[in-house]
Amino acid sequence: MKSFIPKRDLYLNEMLRRDGRGHATNDKCLDCPDPAHAGVAAIRCSVCAPGPLCCEACAVRKHASCPYHRIQRWTGQTFEDVTLKDLGLVIQLGHHHDRSICTNPQPSRSDFSVIDVNGRHLVAVNFCGCDNAGKAGNVVEQLLRFDLWPATDCEPNTVFTFQMLEHYHVQSLQGKMSMYDYYASLERLTDNTGTTRAQDRYKAFMRVVAQWRHLKLLKRAGRGHDHTGVAGTKQGELALRCPACPHVGINLPDNWETISDDLKYLYMMTVAIDACFRLKRRDVSDTNKDPILGSGWAYFVEDTGYHEVLAGYGDQKEMSTCTGLSAVDHANTKFSQGYAATGVGAVMCARHGFWLAHGIGDIQKGEKYINMDYIFVCAMKEYLVVNKLVSYDIACQWSIGLLERIEKFPPHLQIELPAGSISYVIPKLHFGAHKREGHSPYSLNYRVGAGRTDAETPERGWWYMQAVASSTKAMGPGTRQGHLDDQFGHSNWRKTVDMPSAMAKGLRIAQEAYAEQKEIFDDLTKALNKNYDLVKWEREVKLWEMDPFNRDDPYVVLSQGTTEAEALRELSEEEQRASAVPGFVALNDVSPVGFITMGLELEEAKFRLQEDAKTATASRVAGLFERRTALRRRVQKFRAIQGVYMPRAIMLLEADPACRTDIERIEEVRLGLPSEISSSRRDAVCTPRLQEIEARLREGQCRDALQNVRNKLHTLSHLYLYKKTHVRHQGASTRARSEISAQDVRKGRAVAKYRRARRAKLALSGRGAWEVELRVLEDEDVRGIHDDDPATAKKRKRHGEQLTPAEGRRILSWIWRSGDVEDAGESGESLRVEWLKARARTMRWREEIRLLREEMRRVLGFHLYTENEWLARAQSVHSDDSALREGLIAYALKQARIRRRMRAARKSSGTEWEESAEWAAVPDAEVGELTDEAEFDAVYGVDDEALDGLV
């Protein structure tokens, strides 16, 4: 760009030169056949390549095959716009194929308009009315055969070129350009000055685009090759299927139903359910004014039956009991006034992100169960015979009573879901929003056969679709549904095209990650095998994997005491029982438990504010002031309640300068919790109940903080390993260091919180048996599970020994044993959970490799099936119209060739097709008689040792 700056005058002058004739100053036309009678050279075309000016007659002759170019006439001083119609060009329909003469041309109206990619054109058109009219067809057929789409089939006066419709179609799918913006750009290309008035054809454009989209779907689905025609289209037939998903009779081996249990997950259909509240539709128009073209033929469920079922249900009654989730909680209160649909619900392929046939439906008031149940049933009717793994962010609630709700549907919607044929999970990103208790069976990290599926494909799909939300919001029901069906189809097609490279890349990543995780797991197994009963651990987790809902969760660390949340619940229940005793009088709206809890929350807010104030930049000072003001108000409210429950402490606090609230840095104030008052005065100003409440909550705080420290140490260990193994170059190293620094800060906060909580517990309870579990946390104790004691490491370094100790001599920090059940016959809980998680990670990556290998084979099988399907269509074409028959055969062969190229050329490298190593290892699409894991690994070339017997 810097080199361009001194050359701006040059470029500007050349742009201005174009507004004149340049060097084309010839007065006579150089294109005339007879130079002696050459016309005046005054015409140029702004679309054709630059050349000499020509006469009007030559301009008409040269543009007979390109009648939609922009023409300019030189007046002697400047160029003015003219049309080819003004110059005498007439388009004769019905004879363009052989350029014969029409003996009875029927002229169109004088204002006949053609809208092309470069704007609107007034064109003179003659329809055929001679003896050839029978072959040429009626008015509409003559236009269509000249690649012109009429705005209406009744005396059309405006047409749109196929080229323009194809151009907009791609722009709307890839660039998400709205019809309004595209049409407005055509108007600007025609006249950007506002001095020329033209009739608005925007509504006609919308109508034609809707027809074009619909017929494109029909064409690509092969409906033109079926003898039943458009009317014979079946429900969901226009949707593009996922080549990698299991389709019975298409890409599954003959013995898939009788395969060994350890491989059944390879033929499981994994789907994800979610809703998007951005794809709304205002309550405008209706199906009478804007009918749906082919309701239920593609991705949306059939509209009439859907609304008939919904009409029989009232407001949502079921509510989610999971912490942090509100998808169902607000089902009846979401803003819906003025909207016919507040969003859409979807069921899609969870592994590959394909939108499923009949897997989309409008939702009216939030994510009601009835909406999602109906969409799920319609989408699953195609996959009834395969097992299903269903992901939903509220699967723990939605799955309860699902079968009973389906039984209430109309008979044609009731589907059979045998016991054991369907399992439920929660997407990985949403899993953290749920309460921990009882949710491990819903975790994809622990689900056998899930591979590395994260089930967040709906979120990626909504991100892709959000660009059309604003343009589809104001559409009628038919136009909107056709537009979204088209967008879903385009998304599926792009995934089909990109699938070879995506799968090859995924397989490379899976193989590398599996090798890494297996090495970590093997090292951990060797380190623990001598001192812990790993056989028992594995036996217990396998039993849990077979029946996860009726066995104890092996992925939860068993602890001697309660957590802070459990302690708070117990204390609240005690208060509820006490308040039910006759004669009880509440001293304040805030209970004693609420008062102490408020103090603990204020303490945490204080220390976070102190931490942020130390590193605050100038731009964040204003934010700190706002936080201090808010904190001051909370402290003052706390003081008011403190006067109720600790009235004698108020005088002590007023006498202590550190407890005054009229200071600038409010985060430095002492709150005066029972633990902060000296032991000599505590009993006089605090009731024993307040001291007990804080002591119990502090003990729970210690356990929570210690678990948080362990979690952060695990995270840091993985980050350091990842940085060492994978990160190269400055940019990536900087980002990795930033993430490590952020995790280290969080670890420091957890350490500080533990120390504060323990000091308070010690002040309130004194020394006792609780110190066996909750010890003093020194800096050297805060180390990873694989790290040795710092003092021992220094001693080893002085003696010149290796820094990494033998596994049998490693000294484990007490923090990794603090939560263990102290029983000589039991193993360390933290180590057990860590080993089980390492095992699960290794298993998931191994499953991912096998899944990808099988999916790659299924892709080839699907393309082979589709290729043969199109070849069969080409061979079964029957039509008395020879031109139509030729077109049907040519299109079918083209589609077959596309599938053959996709099957044979599995990776595109530049302009040449090249087969990747990952795809080269995939066996022929017809291979599939596999019985167990060993045979699978042999056929698919998976280099792996069986996980069985690792211990």
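For the structure, see preceding data.
This write-up is about the structure you can find in this document. Note that the structure is predicted; figures quoted are calculated from it, not measured.

Some details on empty space enclosed by the protein
Regions of empty space are outlined by a rolling probe, equal in size to a water molecule, passed over the atoms.
Phase 1: The final tally for this structure, using the stated rule, is seven cavities of 30 Å³ or more.
Phase 2: Roughly 80 Å³ of volume is contained in the largest cavity.
Phase 3: As for the largest cavity, its lining consists of 14 residues, and the residues nearest its centre are Met268, Thr270, Arg351, Glu855 and Arg858.
Phase 4: Elements represented by at least two residues in the lining of the largest cavity include exactly β11 (269-276) and α27 (829-875).
Phase 5: It is α27 that contributes the most residues to the lining of the largest cavity, three residues altogether.

Points about the pairing of strand β2 (residues 71-74)
Side-chain positions along a regular strand alternate between the two faces of the sheet.
Phase 1: Bridging between strand β1 (residues 43-45) and β2 involves three bridges; their strand directions are antiparallel. Across the sheet, the residue bridging to Ile43 is Arg73, located in β2.
Phase 2: Pairing between β2 and strand β3 (residues 79-82): four bridges, direction antiparallel. Across the sheet, Ile71 pairs through a bridge with Val82, a residue of β3.
Phase 3: Between β2 and β3, which pair antiparallel one after the other, the connecting turn spans four residues, and Gly76 there sits at a positive phi close to 115°.

Observations concerning a positive patch on the surface
Phase 1: Among the surface-exposed residues, Lys219, Arg220, Lys894, Arg897 and Arg901 lie close enough to one another that they form a single positively charged patch.
Phase 2: Mapped onto the positive patch, the elements with two or more residues apiece are α8 (202-220) and α28 (882-904).
Phase 3: Counting residues per element, the positive patch draws most heavily on α28, at three residues.
Phase 4: Locating Lys894 in the fold gives a position in helix α28.

Examining the packing of aromatic side chains
Phase 1: All told, the structure shown has 31 aromatic pairs when counted by the stated rule.
Phase 2: Ring plane angle 45° and centroid distance 4.9 Å describe the contact between Tyr306 and Tyr374, whose orientation is recorded as tilted. Of this pair, Tyr306 sits in helix α9 (residues 303-311) while Tyr374 sits in helix α10 (residues 369-380); the two residues are 68 residues apart in sequence, bridging distant segments of the chain. The two residues Tyr306 and Tyr374 agree in class, both being buried.
Phase 3: The structure contains a cluster of three or more aromatic residues connected by ring pairs, namely Phe160, Tyr168, Tyr180, Tyr182, Tyr183, Tyr202 and Phe205.

What counts and what doesn't
Residues numbered from 1 in each chain as written. Predicted model: local features only at pLDDT ≥ 70, side-chain atom pairs only at ≥ 80, totals over all residues. Heavy atoms only, no water. 1 Å grid on protein atoms, 1.4 Å probe; cavity = no way out; pocket = protein on both sides within 12 Å on 5 of 7 lines; lining within 4 Å. Points joined across faces, edges and corners; volume = space filled by probe spheres on them. Helix = DSSP H or I, 4+ residues; strand = E, 2+ residues; numbered from the N terminus. Pairing = 2+ DSSP bridges. Patch = residues over 30% accessible without salt bridge, like charges linked within 9 Å, V, L, I, M, F, W, Y side chains within 5 Å. Areas by Shrake-Rupley, 256 points an atom, 1.4 Å probe, with all protein chains shown as cover. Salt bridge = Lys/Arg side-chain N within 4 Å of Asp/Glu carboxyl O. Lys, Arg positive; Asp, Glu negative; His and termini not counted. Charge placed at Lys NZ, Arg CZ, Asp CG, Glu CD. Phe/Tyr/Trp six-rings, centres within 6.5 Å; stacked < 30°, edge-to-face > 60°. Buried < 20%, exposed > 50% of the residue type's maximum accessible area, 1.4 Å probe, protein only.

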